[in-house]
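Observations on chain architecture
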Number of protein chains: 2
Amino acid sequence: MLVRIDPTSDVPIFDQVAGSIRADMVAGGIRPGDKLAPARELAAALRVNLHTVLRAYQLLRDEGLVDMRRGRGAVATPAAGGLSQLHSEIVALSQKALALGMSPDSLAALVRDAVRGESG
Amino acid sequence: MLVRIDPTSDVPIFDQVAGSIRADMVAGGIRPGDKLAPARELAAALRVNLHTVLRAYQLLRDEGLVDMRRGRGAVATPAAGGLSQLHSEIVALSQKALALGMSPDSLAALVRDAVRGESG
DNA sequence: TCAAGTGTTATAGTTCTTATAGAACAGTTG
DNA sequence: CAACTGTTCTATAAGAACTATAACACTTGA
C-alpha cells in the first residue's frame, strides 16, 4: 500500500490520504479483506499526525470502504472491490470532461450532486 | 435561476451555490449568454453575505463557466453549454455507483483525482 | 450627463476546519 | 500478560469560511 501526499496542495492531507487509498482500490492494489497499514505506522511514514491518518481512515469507513476495529486494524470491505468495476467509466467520463475544458473540481462536484439527487 | 442551499451541510455555502448553478447548466436551465442573478440580489434571497455569493461566482469564473464584468454582471460562457453534453454519462455513472453502494463523496473524490491524473 | 446597478477591492472580526501534540482508554492478538 | 490496534479526550495553533461595512470603478439606460 503506497500512499502519497502533496504538502503544497490546497487539498486537506486527510483527504489526500483517503484519495490515495481509494485510487489503490480502483487499481486493484487493495482488495476486499486486505489490511490497511496501521494508522500509527502510516502517520510516521508520512511524517504526519496520527489523528490526521485516522481521520482519513474514518472517512473511508463512513464511505463503507473499510471496516475498523481496535486491536484488529482497518480492513477493506467488499465495497472496495466494487470500485474497480467503475474504473473504465470514470476514465471515459474524465477524458470527455477534460476535452470540454472542465476543471476536476467542477466535474467532481457535478457527480457528487448527481448521486445525491438520486439517492436522497 | 433557482439556487438552493442547506445550512446544516458540511459543504461550504459558496460551494453549494456554485454546485447549484452548475447543476442548472447541466439541466439546460442556464445556457451560454444567460445572465446570472446579481450577486447582491442572490445574497439577499439566500440571506447570505454578498462575498459568499461572489466567491461562488468567482469559482465558476475560474472554471471557465461564467464571464464577469462590473456593471454588466455574470454571464454564462459557451463552456457552460458543454456541461449538458455530460449529463447522460454522469447519470449513468452515478446510478452504477449507487447500485454498488458507493457514497456521493467517495465517487466524487475518485472522479476528481482521475481528471487530475490525466491533466496534470 | 448622471443616477442606478454591477462586480471589485479593502479592512476587520468571528466562527469553523485542519493539523498538531500528548495522554489515557479498550478491545484483539499471540 | 504484553504488544498492538483503533477510540476518546483535552489542548493549542494556523488557516479557511462567513459575516459586516465601506469605498471604488465600470456599464447601462434614462
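Every value quoted in this text rests on a predicted model; they were computed, and no experiment measured them. (Residues numbered from 1 in each chain as written. Chains lettered and ligands numbered in written order. Predicted model: local features only at pLDDT ≥ 70, side-chain atom pairs only at ≥ 80, totals over all residues.)

Some details on the nonpolar core
Counting 73 residues, the largest nonpolar core has Val111(A) and Val111(B) as its most contacted members. Discounting chain neighbours no more than four positions away, the residues touching Val111(B) are Ile90(A), Leu93(A), Ser94(A), Leu107(A), Ala108(A) and Val111(A). (Core = buried A, V, L, I, M, F, W, Y, C linked by C-beta atoms within 7 Å. Buried ≥ 20, exposed ≤ 12 C-beta atoms within 10 Å, placed from the backbone. Contact = placed C-beta atoms within 7 Å.)

Observations regarding the packing of helix H1 (residues 13-27) of chain B against helix H3 (residues 50-62) of chain B
All names here are of chain B. It is the contact of H1 with H3, at a shortest axis distance of 8 Å, that shows an interaxial angle of 50°. In terms of orientation, H1 lies oblique with respect to H3. As H1 runs across H3, the sense of the crossing is right-handed. Along its contact with H1, which presents Ile-13, Phe-14, Val-17, Ala-18 and Ile-21, the element H3 presents Thr-52, Val-53, Arg-55, Ala-56, Leu-59 and Leu-60. Classifying every residue of the contact of H1 with H3 gives nine nonpolar, one polar and one charged. (Axes fitted to C-alpha atoms, helices over the stretch in contact; angles between N-to-C directions. Helix = DSSP H or I, 4+ residues; strand = E, 2+ residues; numbered from the N terminus. Parallel < 35°, antiparallel > 145°, perpendicular 65-115°, else oblique. Left-handed = near helix turned anticlockwise from the far one by under 90°. Nonpolar A, V, L, I, M, F, W, Y, C, P; charged D, E, K, R; others polar.)

A closer look at the confidence of the model for chain A
Detail in the predicted coordinates should be disregarded across regions flagged by low pLDDT. On average, residues of chain A score 89 in pLDDT, and 98% of them reach the 70 mark or higher. Mean pLDDT across the secondary structure elements of chain A bottoms out at helix H6 (residues 104-119) of chain A, with 77, and peaks at strand S2 (residues 73-76) of chain A, with 98. (pLDDT = per-residue confidence, 0-100.)

Focus on the domain arrangement of chain A
What the domain assignment lists for chain A is domain 1 (13-80) and domain 2 (85-116). On a C-alpha basis, the centroid separation for the pair domain 1 of chain A and domain 2 of chain A is 24 Å. (Domains from an automatic or database assignment.)

Structural notes on the relation of the copies chain B and chain A
The two copies are related by a screw motion: chain B maps onto chain A through a turn of 178° and a shift of 0.1 Å along the axis, at an RMSD of 0.4 Å. Those values place the two copies in the arrangement expected of a two-fold rotation axis. For chain B, the minimum C-alpha distance to the rotation axis belongs to Ala108(B) and amounts to 2.4 Å. Taken together, the interface assignments show that 97% of the residues at the interface of chain B recur at the interface of chain A, consistent with an identical surface on both copies. (Least-squares fit on C-alpha atoms with pLDDT ≥ 70 in both.)

A word on the interface of chain B and chain A
In this complex, chain B contributes 38 residues to the contact, which on the side of chain A involves 38 residues. Elements represented by at least two residues in the side of chain B that touches chain A include exactly H1, helix H4 (78-83), helix H5 (87-99) and helix H6 (104-119) of chain B. A per-element tally of the side of chain B that touches chain A places H6(B) first, with 15 residues. Partitioning the side of chain B that touches chain A into residue classes produces 19 nonpolar, 10 polar and nine charged.

Considering the protein's contact with DNA strand D
Around DNA strand D, 23 residues are found, and the nearest of them are Pro38(A), Pro12(B), Asn49(B), His51(B) and Gly71(B). Those elements giving two or more residues to the surface near DNA strand D turn out to be helix H2 (39-46), helix H3 (50-62) and S2 of chain A together with H1 and H3 of chain B. In terms of residue class, the surface near DNA strand D is made up of 10 nonpolar, seven polar and six charged. (Near = placed C-beta within 6 Å.)

Regarding H3(A)
Residues and elements named next belong to chain A. The first and last C-alpha atoms of H3 sit 18 Å apart over 13 residues, in line with the 18 Å expected at 1.5 Å per residue. At its buried positions, H3 is contacted by helix H1 (13-27), H2, strand S1 (66-69) and S2. Once H3 ends, the next one or two residues include Gly-64, with phi positive near 80°. (Expected span 1.5 Å × (residues − 1).)

Side note on the protein's contact with DNA strand C
Taken together, the neighbourhood of DNA strand C is formed by 25 residues, with Pro12(A), Asn49(A), Gly71(A), Pro38(B) and Gly71(B) sitting nearest. When contributions to the surface near DNA strand C are tallied by element, the ones reaching two or more residues are H1 and H3 of chain A together with helix H2 (39-46), H3, strand S1 (66-69) and strand S2 (73-76) of chain B. Residues that form the surface near DNA strand C fall into these classes: nine nonpolar, eight polar and eight charged.

Looking at H1(A)
All names here are of chain A. In this model H1 runs 21 Å from its N-terminal to its C-terminal C-alpha over 15 residues, within 8% of the 21 Å that 1.5 Å per residue would give. Burial within H1 is extensive, with 11 of its 15 residues counted as buried. Those residues of H1 lying buried are Phe-14, Gln-16, Val-17, Ala-18, Gly-19, Ile-21, Arg-22, Ala-23, Asp-24, Met-25 and Val-26. Gly-28, located one to two residues past H1, shows a positive phi value of around 90°.

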